[in-house]
Amino acid sequence: LNEKNVVIIILESMASEYYKFYNKDINEYSGYTPFLDSLLEKSYTSYNCFTNGRKSIDAIPAVLASIPAVQFNFSLSKYCTNKIAGIGELLEREGYSTSFYHGAPNGSMGFESMAKLCGIDNYFGMNEYGKRKDFDGLWGVWDHKFLEFYAEGLEKMEEPFISSIFTITSHHPYKIPKSHEKMFPNKRNEHPMYSCVQYTDYALKIFFDKIKKSSWYNNTLFVITADHTNYSRIDKYKSNIGIFRVPIIFFDPSNPELKGVTNKVMQHIDILPSILYYLGYNKPFIAFGENIFLKDNTIRFAINYNNNFQLISDKYVFIYNPEKKQITNVFLNKEKGIKKNILDKVNKQELIIAENRIKGFIQQYNNRMITNNLIYK
C-alpha cells in the first residue's frame, strides 16, 4: 500500500449540466463552475459519469461502500443493519485514520450512522462546528464556512487518512449567504440554483487555495462527485439517463499522468474499488462496482433504477422491466437518441449479454442483501 491520503468530496446536487467542461458540445455555454472546470483540466474523468441513485441518502453507501440504490434505498431499508466493509474499515485496517464531515445538524439524514457503517469513526457535524451564527436557517452551516472548518480538521489528521465531506448549500430553497449575493447575482433572472452552484464552486476554490499550502496536500488523492442531479434546463439532461449524470473526478496533484477525459462509463459504485486499486490495496473485498483504471477491453456499464432497471453503456441504454423479466426498450446513449426505441434494431447477442448482466446484478444484489453476505470471508 502506498499510504497516500484520500479526500472524497460529495457535492450537493452539483450535476454535470452545470460544468462547462462536460458541455463543450454546447455552443457558447460558459457553465457555472470556473474553479472545478480548471481542476478538471488537471484530472481524470469521463463524459459518461453516473450516480446510482436519486437521493442524497443513496450517495453515501454507493460512494463509500460500493452499494447502489436500486428498487429500494439501502440506507432506509431493513438491510442497512447488514455488516459491510466500507472504505473506512478497509483502510483503517491498513493504519489509516478516518473522518466524515457534514455541516447539517448531527443525525441529519442518518449520515452519521451510515458513515460509521462504512467504517468511518470520526464524524463532524454542526455540533462540532459550534458557531450558530453560520447556520443557514434550514440545512446547516454555509459551505464556505464549513469547508474552512474542514480544511482545519484535515490539518490535524494523522497521516495516512481517508476523509470525506458532504456539502449542503446548493439545494432548495437555493439560498446563499448575504455576504456573497453581490458576487453571484442572478443577472439573467435564471433559476436560483445557478447562484448556489457558483457559490459552492467558489467555496471549493477557497478550500483548495488553503490546503495547497499543507504538507499532506501533494500526498493526497482527491475524488470529487455529486450526490444527485437537480434543476435542469438542457434537453440532454432531462432524459432517462440525463437525470443521473454527475461528475466523477480523480485528481492527484503529485501525479500529472492522472489526467484526461474518456467516454468510458463510470458510476458511484466504481469509486471504492478504483481508490483501492490506486492505493495498491491487494486484499479481497466485495464491491458492486469495478475499478475504472483497468486498461482492458471490458465493456463498462452503469446500473441505476428509474421505475425500471437501466443498464447504461457508452453506446446504448437498456431498459429492463423486472415484472416482465426482459429488456423492453433500447436507446442510443447520445443527446438525441433517448427518445426512439431501437430494440428491434439491436443485435440479438448484445441484447442477451445486456439482459444477463442486469439479471446477474439483480441476483447478486438481492442474494447478498437477504443473506447478509456483503463482507469477503
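Conventions we followed
Residues numbered from 1 in each chain as written. Predicted model: local features only at pLDDT ≥ 70, side-chain atom pairs only at ≥ 80, totals over all residues. Heavy atoms only, no water. Buried < 20%, exposed > 50% of the residue type's maximum accessible area, 1.4 Å probe, protein only. Helix = DSSP H or I, 4+ residues; strand = E, 2+ residues; numbered from the N terminus. Phe/Tyr/Trp six-rings, centres within 6.5 Å; stacked < 30°, edge-to-face > 60°. Pairing = 2+ DSSP bridges. 1 Å grid on protein atoms, 1.4 Å probe; cavity = no way out; pocket = protein on both sides within 12 Å on 5 of 7 lines; lining within 4 Å. Points joined across faces, edges and corners; volume = space filled by probe spheres on them. Nonpolar A, V, L, I, M, F, W, Y, C, P; charged D, E, K, R; others polar. Salt bridge = Lys/Arg side-chain N within 4 Å of Asp/Glu carboxyl O. Axes fitted to C-alpha atoms, helices over the stretch in contact; angles between N-to-C directions. Parallel < 35°, antiparallel > 145°, perpendicular 65-115°, else oblique. Left-handed = near helix turned anticlockwise from the far one by under 90°. Contact = heavy atoms within 4.5 Å. Polar contact = N/O pair within 3.5 Å; in protein donor to acceptor, adjacent residues only side chain to side chain. Right-handed = clockwise from strand over helix to strand, strands pointing away.

Participant: Which residues make up helix α2 (residues 56-65), and what are the values?
Facilitator: A large share of α2 lies buried, amounting to 10 of its 10 residues. Buried within α2 are the following residues: Ser56, Ile57, Asp58, Ala59, Ile60, Pro61, Ala62, Val63, Leu64 and Ala65.

Participant: Kindly report on the packing of aromatic side chains, identifying the contributing residues and their values.
Facilitator: Overall, the coordinates contain 39 aromatic pairs when judged by the stated rule. On the numbers, 5.6 Å between centres and 15 degrees between planes, the contact of tyrosine 150 with phenylalanine 207 is stacked. Placement of the pair is tyrosine 150 in helix α6 (residues 143-156) and phenylalanine 207 in helix α7 (residues 193-211), with a sequence separation of 57 residues. Taken individually, tyrosine 150 and phenylalanine 207 each receive the classification buried, so the pair is uniform in this respect.

Participant: Which residues make up the pairing of strand β7 (residues 220-226), and what values do they have?
Facilitator: With seven of seven residues buried, β7 lies mostly within the body of the structure. Because side chains alternate across β7, one face comprises the buried residues Thr220, Phe222, Ile224 and Ala226, and the other comprises Leu221, Val223 and Thr225, equally buried. Taken together, the seven bridges between strand β1 (residues 5-11) and β7 define a ladder with parallel strand orientation. Of the residues in β7, the one forming a bridge with leucine 11 is alanine 226. Pairing between β7 and strand β8 (residues 248-251): four bridges, direction antiparallel. Across the sheet, residue threonine 225 finds its bridge partner in β8, namely isoleucine 248.

Participant: An account of empty space enclosed by the protein is needed here, citing residue identities and associated values.
Facilitator: Inspection of the entire model under this criterion finds three cavities of 30 Å³ or more. Each pocket or cavity is described by its volume, and for the largest cavity that value is around 60 Å³. In terms of lining, the largest cavity is formed by Asp136, Leu138, Trp139, Trp142, Thr169, His171, Pro173 and Lys175. For the lining of the largest cavity, a count of residues per class yields four nonpolar, two polar and two charged. Counted as a void, the second largest cavity has a volume near 40 Å³. Together, Ala65, Ile67, Ile84, Ala85, Ile286, Phe288 and Leu374 line the second largest cavity.

Participant: Explain the pattern of salt bridges to me, using residue names and the numbers behind them.
Facilitator: Tallied over the entire structure, the rule returns 12 salt bridges. The partner of aspartate 25 in a salt bridge is lysine 236, and the shortest N-O contact between them spans 3.3 Å. Pair noted here: aspartate 25 is in the loop between β1 and α1 (34-40) and lysine 236 is in the loop between β7 and β8, with a separation of 211 residues, a long-range link. Exposure remark for aspartate 25: the relative accessible area of 46% places this residue in the partly exposed category. Ionic pairing is found between aspartate 270 and arginine 300, a salt bridge with its closest N-O pair at 2.6 Å. With aspartate 270 in the loop between β10 (266-267) and α8 (271-279) and arginine 300 in the loop between α8 and β11 (302-306), this residue pair connects regions lying 30 residues apart in the sequence. Judged on exposure class, the residue aspartate 270 and its partner arginine 300 are both buried. Residues participating in the shared-partner salt-bridge network are Lys205, Asp209 and Lys212.

Participant: Got a sec to walk through the sheet that holds strand β12 (residues 308-312)? Specific residues and values, please.
Facilitator: Spatial ordering of the open sheet is given by β11-β12-β13-β14, a layout of four strands whose pairing is antiparallel. Only two strands of the sheet have a single partner each, and these edge strands are β11 and β14 (326-332). The mean angle between the axes of side-by-side strands here comes to 25 degrees, regardless of whether they run parallel or antiparallel. Pairing of β12 with strand β13 (residues 316-321), which is carried by four bridges, proceeds in the antiparallel orientation. From the neighbouring strand, isoleucine 312 faces β13, where its bridge partner is valine 317.

Participant: A description of the packing of α6 against α7 should follow, citing residues and the corresponding values.
Facilitator: Two elements in contact, α6 and α7, have axes whose closest approach is 9 Å; the angle formed by their N-to-C orientations is 25 degrees. On the basis of their axis angle, the class for α6 and α7 is roughly parallel. Once α6 is placed against α7, the crossing between them reads as right-handed. On α7, the residues that touch Asp143, His144, Leu147, Glu148, Tyr150, Ala151, Glu152 and Leu154 of α6 are Tyr199, Thr200, Ala203, Leu204, Phe207, Lys210 and Ile211. Considering only residue class, the contact of α6 with α7 consists of nine nonpolar, two polar and four charged.

Participant: So what's going on with the side chain of serine 46? Which residues, and what values?
Facilitator: Positionally, serine 46 belongs in strand β2 (residues 44-46). Side-chain polar atoms of serine 46 contact the backbone oxygen of threonine 262, separated by 3.1 Å. At a separation of 2.5 Å, a polar atom in the side chain of serine 46 contacts the main-chain carbonyl oxygen of lysine 264. Leave out the neighbours within four places in its chain, and serine 46 touches Tyr22, Val261, Thr262, Asn263, Lys264 and Met266.

Participant: Lay out unusual backbone geometry with the relevant residues and their values.
Facilitator: Note the cis peptide between glutamate 159 and proline 160, where omega equals -5 degrees. Tracing the sequence through the fold places proline 160 in the loop between α6 and β6 (161-166). The amide bond that connects histidine 172 to the next residue, proline 173, takes the cis arrangement and shows omega of 10 degrees. Relative to the helices and strands, proline 173 resides in the loop between β6 and α7. Positioned with a positive phi, serine 66 is a non-glycine residue whose angle comes to about 60 degrees.

Participant: Before we move on, can you summarise the pairing of strand β4 (residues 97-102) with the specific residues and values?
Facilitator: With five of six residues buried, β4 is to be regarded as a mostly interior element. Examined bridge by bridge, β4 and β6 share six bridges and lie parallel to one another. Following the sheet pairing, serine 99 is matched in β6 by serine 163. By the bridge criterion, two bridges tie β4 to strand β5 (residues 123-124) in an arrangement that is parallel. Looking across to β5, one finds that phenylalanine 100 is bridged to tyrosine 123. Note on the crossover from β4 through helix α4 (residues 111-117) to β5: the handedness is right-handed.

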